[in-house]
Amino acid sequence: MKFIYGKNDWSTIERGEENCYLLTNGLGGFSSLTMIGSNARNDHALLMACLKAPNNRYNIISNLGQRIKINHVYIDFSSQKYLDSKNNRSGFNYQSKFSFEDIPEWTYHIHGVEIIKKVAMRQNKNTVAITYEINNFTNYEVESEITPYMEFIKKGAILSLDQQFYINENEIKSNNINLYYKTNGKVSTYPTEHEENLLFEHDERDGRERHGNVAHNHKIHFNVRPKESKEFYIVYSTEKINDTAEKIIDESVEYRKQLIKTADMNHDIANMLVKSANQFVVKRESTKGKSIIAGYPFFEDWGRDTMIALSGCCIATKQFEDAKNIFRTFMHYCKNGIMPNIFPEGNNEAMYNTADASLLFINAVYEYYKSSNDVEFIKEAYPVMQEIINCYKNGTDFDIKMDVDGLIQAGSGYDQVTWMDVRIDDILPTPRHGKPVEINAYWYSSLMIMNELSNLIGEKDQEYIKLADLVKESFTKKFWNAGKNCLKDVISGTDADNQVRCNQIWIVSMPFTMLEREKEKKVVQTVFEKLYTPYGLRTLSMDDKEFKGFYGGEQLKRDLAYHQGTVWAFPLGAYYIAYLKVNDYSKEAVNIVENQLEVMEACLREGCIGQIPEIYDGNNPTISKGCFAQAWSVAAILRVYKVIEERGIY
């Protein structure tokens, strides 16, 4: 799927900054700028290197200043907003086209000169390659001058004007970081200069720091004679450079094509999501394994997010070795039956504040088995799964334990252990202590899975099915909310119990479920009526007095709205799977889901091109917010396409 944008898409600089691209390198590093080539966020960068995978990220090359000289006149074709709008760069006025399929590509037309720019990242390396194809149709010699803007600072920081940069014929040094470069242009160097007060429009709207600074100490010059066409390149890397930019670009494109071939899916949107899903799979140096970044540009790799995203990012795409690698990483760190939510970094201990990651692990392992038929891995993982069940039964950390009715309760005090986990000092915007509905959905499904797998490997443990029967009986008695034709969100004895939230949808979409079909249909119908939007499910019904329909502003305001009505994309995948299930995967049901999924193409065109974001406003979800690319969002929708294709629809 190729996304093409034209001049009508950047009639103003604000419109030009609405969308960006994302390239990743499998280490946690990335390259991301807007479709007009500007920085609209502090975290936008041409080269955001990851010096220790996956979270030790540094903004190395922020961007490139670009100007061209035709008949002795300099014309700037770079774009950037500044605090003083009089300094804005408006090169987008010369931009004719932006496209993205596997790499971003810009086309400019400037008084008879055509410039085509491409950018690519090398997999598993902190390397970015840039090429400029310059077609000079004029009678004048043309000189193009590129000014790399550097930062060499931790992701999210602001460059100090005291920071110095040192350059020799193939290397730049600053802040104890060495960066190598290679080009077929002519390099001119000079003492470090700083450019101040870049305006990050998208950070400003979210109450983040709105300005930044960059440094420069060299320019790269390309000359093209009249009526001549030439290609120039620049490569930056944290390692010595042996290959050409062209080879790096070809490798990048071929890598993504192989992902499509392996996944073997048919729908154009599904194939785009296959490539997008792979961008979240990263190495983790501390564990010598792999993990999944929760979202770009803000998040790191978290246990809960990984277990939700893994099914779409690795299993649906048939990246089975990556899936096993990730499973093993988490199995190694399982403690008291709980998977880590945050891995150890440096001197920091791993954090285990999640009630759902372990149960999601069991369900993801089962999905892996159903797709791969890998019985040997089931034997390997089975003891860890046994430990999880036993610890949840007998009680473990964070007040996670089974009650006498067989249901799981979790959380107390200020510990937020479900995915609705915001805490602001002593404020819990969405307290869910007690027996959360989705945790018990995962619990029941896990018990049924353990029953099946124990028989598969010859254990034949009948305790799992007995306990599952108890859970089912208790759940159906205590969670049904007859007055609202849906499920309670939590059993806690508070008003929160009867709030209509999206968490109930997993009761219907899990591999094994507890409700009779008619009640499942009512859950799906209520979720559609109260929570459905084309880009995600609302986290709280608009009828609720605590509903907040706008997400934005300072951190406190964002946190208070985060799970109180904000639309999240990832539960939408569970909704579609549940809808197909309760309608017996009929042709009519599939057609309805297909028609509703068509708008995902528009979703993929907005925000981060080819990606699905974290969230939208609850009132009217039109602009992507939060992380512009979210692993579980992409994975959830990709799984829907996988289910449809497995049914032989495409």
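To be clear, the structure that these remarks concern was listed above.
First, a word on what this report is: a plain description of the structure on this page. A quick note: this is a predicted structure, and the numbers were derived from the prediction, not measured. (Residues numbered from 1 in each chain as written. Predicted model: local features only at pLDDT ≥ 70, side-chain atom pairs only at ≥ 80, totals over all residues. Heavy atoms only, no water.)

As for the overall build of the chain
Okay, step 1: Along the backbone of the chain there are 17 helices and 33 strands.
Okay, step 2: What you see for the chain is a C-alpha radius of gyration of 26 Å, in line with the 26 Å of a compact globule of 650 residues.
Okay, step 3: Considered along the principal axes of its C-alpha atoms, the chain spans approximately 85 × 50 × 45 Å.
Okay, step 4: Counting all 650 residues of the chain, 62% fall into the buried class.
Okay, step 5: Intrachain contacts of the chain at a sequence separation of at least 6 include 65% that bridge at least 24 residues.
Okay, step 6: When the accessible surface of the chain is totalled, it reaches about 24,200 Å², and 44% of it is carbon and sulfur.
Okay, step 7: In the chain, 75 positive and 88 negative side-chain charges are present, and the distance between their average locations comes to 2 Å. (Helix = DSSP H or I, 4+ residues; strand = E, 2+ residues; numbered from the N terminus. Rg over C-alpha atoms; globule rule 2.2 N^0.38 Å. Buried < 20%, exposed > 50% of the residue type's maximum accessible area, 1.4 Å probe, protein only. Contact = heavy atoms within 4.5 Å. Areas by Shrake-Rupley, 256 points an atom, 1.4 Å probe, with all protein chains shown as cover. Lys, Arg positive; Asp, Glu negative; His and termini not counted. Charge placed at Lys NZ, Arg CZ, Asp CG, Glu CD.)

Some remarks on a negative patch on the surface
Okay, step 1: Taken together, the side chains of Glu-231, Glu-246, Asp-250 and Glu-254 present a region of like negative charge at the surface.
Okay, step 2: Tallying contributions element by element places helix 3 (residues 245-263) first for the negative patch, with three residues.
Okay, step 3: Within the fold, Glu-231 resides in strand 19 (residues 229-237).
Okay, step 4: Among the residues examined, Glu-231 registers a relative accessible area of 42% and is labelled partly exposed. (Patch = residues over 30% accessible without salt bridge, like charges linked within 9 Å, V, L, I, M, F, W, Y side chains within 5 Å. Salt bridge = Lys/Arg side-chain N within 4 Å of Asp/Glu carboxyl O.)

Side note on the nonpolar core
Okay, step 1: Counting 202 residues, the largest nonpolar core has Tyr-236, Phe-327, Phe-361 and Tyr-575 as the members making the most contacts within it.
Okay, step 2: Here this core spans two domains, since at least three of its residues come from each of domain 1 (3-253) and domain 2 (264-647).
Okay, step 3: If sequence neighbours within four positions are ignored, Tyr-575 has contacts with Ile-505, Val-524, Val-527, Phe-528, Tyr-532, Leu-537 and Gln-596.
Okay, step 4: One finds Ala-129, Tyr-180, Ala-245 and Ile-248 within the second-largest nonpolar core, a separate group that totals seven residues. (Core = buried A, V, L, I, M, F, W, Y, C linked by side-chain atoms within 4.5 Å. Domains from an automatic or database assignment.)

Details of the state of the cysteines
Okay, step 1: A complete count under the given rule lists zero disulfides for this structure.
Okay, step 2: Residue Cys-314 stays outside any disulfide, its sulfur separated by 6.1 Å from that of Cys-313, the closest cysteine.
Okay, step 3: Overall, Cys-314 belongs to the buried group, its relative accessible area being 0%.
Okay, step 4: Its sulfur unpaired, Cys-608 is 4.2 Å from the next cysteine sulfur, which belongs to Cys-20.
Okay, step 5: Here Cys-608 falls in the buried class, since its relative accessible area comes to 1%. (Disulfide = S-S within 2.5 Å.)

A look at the sheet that holds strand 19
Okay, step 1: Ordered in space as 1-9-10-11-12-19-16-15-14, the nine strands form an open sheet in which the pairing is antiparallel. Edge positions in the sheet fall to strand 1 (3-6) and strand 14 (166-167), since each of these pairs with one other strand and no more.
Okay, step 2: Here nine bridges tie strand 12 (residues 127-136) to strand 19, and the two strands are oriented antiparallel to one another. Residue pairing in the sheet places Ile-130 in a bridge with Ile-234 of strand 19. (Pairing = 2+ DSSP bridges.)

A few points about the packing of helix 3 against helix 4 (residues 268-278)
Axes are the key here: two packed helices are described by the angle between their axes and the distance separating the axes.
Okay, step 1: Contact geometry for helix 3 and helix 4: axes closest at 9 Å, N-to-C directions at 120°. For helix 3 against helix 4, the interelement crossing comes out right-handed. Side by side, helix 3 and helix 4 meet where Tyr-255, Arg-256, Leu-259, Ile-260 and Ala-263 of the first sit next to Asn-271, Met-272, Val-274, Lys-275 and Asn-278 of the second.
Okay, step 2: Taken together, the residues that form the contact of helix 3 with helix 4 break down as six nonpolar, two polar and two charged. (Axes fitted to C-alpha atoms, helices over the stretch in contact; angles between N-to-C directions. Left-handed = near helix turned anticlockwise from the far one by under 90°. Nonpolar A, V, L, I, M, F, W, Y, C, P; charged D, E, K, R; others polar.)

Some thoughts on the sheet that holds strand 31 (residues 567-568)
Okay, step 1: Spatial ordering of the open sheet is given by 29-30-31-32, a layout of four strands whose pairing is antiparallel. Only two strands of the sheet have a single neighbouring strand rather than two, namely strand 29 (532-533) and strand 32 (615-616).
Okay, step 2: Bridging between strand 30 (residues 536-538) and strand 31 involves two bridges; their strand directions are antiparallel. Paired with Arg-538 across the bridge in strand 31 is Val-567.

A closer look at the packing of aromatic side chains
Okay, step 1: Scanning the model with the defined rule gives 37 aromatic pairs in all.
Okay, step 2: Between Phe-222 and Phe-232, the aromatic rings sit 4.4 Å apart at their centres with planes inclined by 20°, giving stacked as the arrangement. Of the two residues, Phe-222 sits in strand 18 (residues 211-224) while Phe-232 sits in strand 19, which places them 10 residues apart along the sequence. Summarising the burial analysis for this pair, Phe-222 and Phe-232 share the class buried.
Okay, step 3: Each residue in the set Trp-419, Trp-506, Tyr-551, Tyr-562, Trp-568, Phe-570 and Trp-632 is aromatic and connected to the rest through ring pairs, giving one cluster.
Okay, step 4: A cation sits over an aromatic face here: Arg-67 above Tyr-74, 3.6 Å from the ring centre.
Okay, step 5: Directly above the ring of Tyr-5 sits Arg-605, whose terminal nitrogen or CZ lies 4.2 Å from the centroid. (Phe/Tyr/Trp six-rings, centres within 6.5 Å; stacked < 30°, edge-to-face > 60°. Lys NZ or Arg CZ within 6 Å of the ring centre and 35° of its normal.)

A short note on helix 14 (residues 570-582)
Okay, step 1: Among the 13 residues that make up helix 14, 13 are buried, leaving the element largely enclosed by the rest of the structure.
Okay, step 2: Positive phi shows up at Asp-584, right after helix 14, with a value of about 55°.

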